[in-house]
Amino acid sequence: MFKSLVSRSALPTSSLLHNRLKSGDFLDCFSVPSDLPPRQAAEIITAFPSWAIALVRLRGLLVAPFGLSNTGPDAADKVGIFPVEHEDETEVIAGFNDRHLDFRVSVHSEGGRISLATWVHRHNLGGRLYLAAILPFHILIARNALARVSRATRWPEPA
């Protein structure tokens, strides 16, 4: 049977997402072996396949009556629809705040691994219900994104 290289992992200790984490917040993290820099991995991660784009469009239709963002705020620097908040040689953090929740994604490169972490701070019952509804799809999309990062990784030829 096919064994995925994507695994659930701890948030890297050097990730700046640790500064946001408070009791009750949601945090998940998956990682995959990769030698890509974080920005290149983030671009791959946010280049959603057609089935994920369809899910995002459906989400947009379902949340439109509640006034939730479908495209994210305007920003000079984005990966996908997510404004970049921080970028250095090991980590890209992107995301934004909305009425129901604040979220950030971190793409972190360290020790030959790319980690994709998602942090969510829920503001209200709407945020809790929203996260519960999308969580299975979030996991599917995150794992698929890291599998695509793994396929894009170019490892040196053995000597």
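Throughout this description, residue numbers start from 1 for each chain and increase along the sequence as written. In keeping with the predicted nature of the model, local features appear solely for residues at pLDDT of at least 70, side-chain atom pairs appear and are counted solely at 80 or more, and the whole-chain, interface and lining totals rest on all residues. With hydrogens and water set aside, each side-chain value is computed from the structure's full complement of heavy atoms.

Draft legend 1. Broad picture of the pattern of salt bridges. Salt-bridge detection follows one rule: a side-chain nitrogen of Lys or Arg within 4 Å of a carboxyl oxygen of Asp or Glu. Per the stated rule, a full pass over the model turns up 5 salt bridges. In this structure, R39 engages E43 in a salt bridge whose closest nitrogen and oxygen atoms are separated by 3.1 Å. Note that R39 and E43 are positioned in helix 1 (residues 38–45) at a spacing of 4 residues, about one turn of the helix. Given the relative accessible area of 21%, R39 is considered partly exposed. Buried means the residue's accessible area, taken with a 1.4 Å probe over protein chains only, is under 20% of the maximum for its type, while exposed means over 50%, and partly exposed covers the values in between. Exposure remark for E43: the relative accessible area of 36% places this residue in the partly exposed category. Here R39 and E87 are joined by a salt bridge, their closest N and O atoms 2.8 Å apart. Taken together, the residues R39 in helix 1 and E87 in strand 4 (residues 82–87) connect sequence positions 48 residues apart. Of the residues examined, E87 reaches a relative accessible area of 39% and is grouped as partly exposed. Helix and strand definitions follow DSSP, with helices as H or I runs of at least four residues and strands as E runs of at least two, each counted in order from the N terminus.

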